[in-house]
Amino acid sequence: MQSLPLLSHYLQQAQAKLPAAIWHYLQADAGDGHQLHANALAWQAQKLMPRPLQQLHNASTACEMFGERWAHPILLAPVAYQKLFHDDGEIGTAVACNAQQGQMMVSSLASQTIEHIIQQAQQPLWFQLYWQGDRARTLPLLEKALASGASAIVFTVDAPVKQSLMDLPEGVSAVNLAQALAPLPIAPGQSTVFDGWMSQAPTWEDVHWLRQQVTVPLLLKGLMHVDDAKRAVDAGCEGIVVSNHGGRVLDNTPTVTAVLPQIVTAVGGQCKILVDSGIRSGQDAFKALAMGADAVCIGRPYIWGLATEGAMGVAKVIRWMRDELEMTMALTGASSLQDIRQLALYQS
Ligand code: FNR
């Protein structure tokens, strides 16, 4: 099975089309590019065992998520400022989800209003929440998302310290925020990190507070440690996204493949387990499901499609991922996501 042409085409086109600073912002990781590659290579390193001659006439990628029936388990991870990549922006991504029965997580740093994005969607979207420095400033953003009809809140907890990866061009901004979050001013001798950023970062107590405010399923995004996954369940979260943020925050973390099995053992069945970071094909998605994930998210790959062909490019990426997931199921003899979970990945 040839898996790369569509994505490698979009990757090349996106690089050719986007100004260098925007391309760098999209592809950047927290270090020298090592983590970005390590994330993708770790999925490739997992091996599949062919199982021919299975009866697969009624096979399906359908799954259940928080009481909804979905056609497939491939979500679009939150990506900030999508108008940077194409004029269609987040609305283009929402339209692509309509066409391909996909689900997207609208970033707190979206470049179009939540109301407009959700209006264009044929199904309720998920909203990704970034902490806004304190509870009083976070609540209005959360309330806006809930009032717009967000059907789940994904609270990203792994990026409390923001590196400025690029200056935004005119006309692109985080339009849903009352004001951009900046580090607190510090006195000489104080720490930029601890006194500037971390004094407004959320803690587990804030997760408990958030749980009281959120009337829809709440997921924590950016957990890698098994104890944090357990704590999320104890705090009443309905889901977690196991993620190293595509390598963009802390350099030299383990890959998701390295931590997922123990997290599944610890909290599988108690909350939904989603994963992202380095997933580049339907085969990778299959492997994540075989390791016990309930669904997968992609980040950069759909933005390569957006940059190349707007909404159409995003739709083609979702479709291609799904087709490839189906082909992988066909060749490994899995007729459902349940079946995939029963299959052990090949161990040499
Ligand atoms: C991100 N990511 C991200 N995550 C989040 O919770 N809120 C956000 O606003 C953003 N913004 C963002 C911008 C860009 C340009 C990228 C590439 C990523 C992280 C994203 O949701 C996801 O965790 C990773 O992108 C997954 O890794 P891959 O698929 O890009 O390897």
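The structure displayed is predicted, hence computed values, not measured ones.

### Quick word on helix H1 (residues 5-17)
An α-helical turn contains 3.6 residues, so a residue and the one three or four places further along point in the same direction.
Now for step 1: With 13 residues, H1 should cover 18 Å at 1.5 Å per step; its first-to-last C-alpha distance of 18 Å lies within 8% of that length.
Now for step 2: Buried within H1 are the following residues: Leu7, Tyr10 and Ala14. Down the axis, H1 shows its buried residues gathered within 60° of arc, on one side only. Among the exposed residues of H1, those oriented more than 90 degrees off its buried face are Gln12 and Ala16.
Now for step 3: The inward-facing, buried residues of H1 contact helix H2 (20-27), helix H12 (300-309) and helix H13 (311-332).

### As for H12
Now for step 1: Across the ten residues of H12, nine count as buried, placing the element largely inside the fold.
Now for step 2: Backbone geometry just downstream of H12 places glycine 310 in the positive-phi region, at approximately 60°.

### Observations regarding the packing of helix H6 (residues 135-147) against helix H8 (residues 204-213)
How two helices pack is summed up by the angle between their axes together with the distance between the axes.
Now for step 1: It is the contact of H6 with H8, at a shortest axis distance of 12 Å, that shows an interaxial angle of 35°. Of the two possible hands of crossing, H6 and H8 adopt the one that is right-handed. Between H6 and H8, the contacting residues are Arg135, Leu139, Leu142 and Leu146 on the first element and Glu205, Asp206, Trp209, Leu210 and Gln213 on the second.
Now for step 2: Residues that form the contact of H6 with H8 fall into these classes: five nonpolar, one polar and three charged.

So, how was this worked out
- Residues numbered from 1 in each chain as written.
- Predicted model: local features only at pLDDT ≥ 70, side-chain atom pairs only at ≥ 80, totals over all residues.
- Heavy atoms only, no water.
- Helix = DSSP H or I, 4+ residues; strand = E, 2+ residues; numbered from the N terminus.
- Expected span 1.5 Å × (residues − 1).
- Buried < 20%, exposed > 50% of the residue type's maximum accessible area, 1.4 Å probe, protein only.
- Arc of directions from axis to C-beta.
- Contact = heavy atoms within 4.5 Å.
- Axes fitted to C-alpha atoms, helices over the stretch in contact; angles between N-to-C directions.
- Left-handed = near helix turned anticlockwise from the far one by under 90°.
- Nonpolar A, V, L, I, M, F, W, Y, C, P; charged D, E, K, R; others polar.

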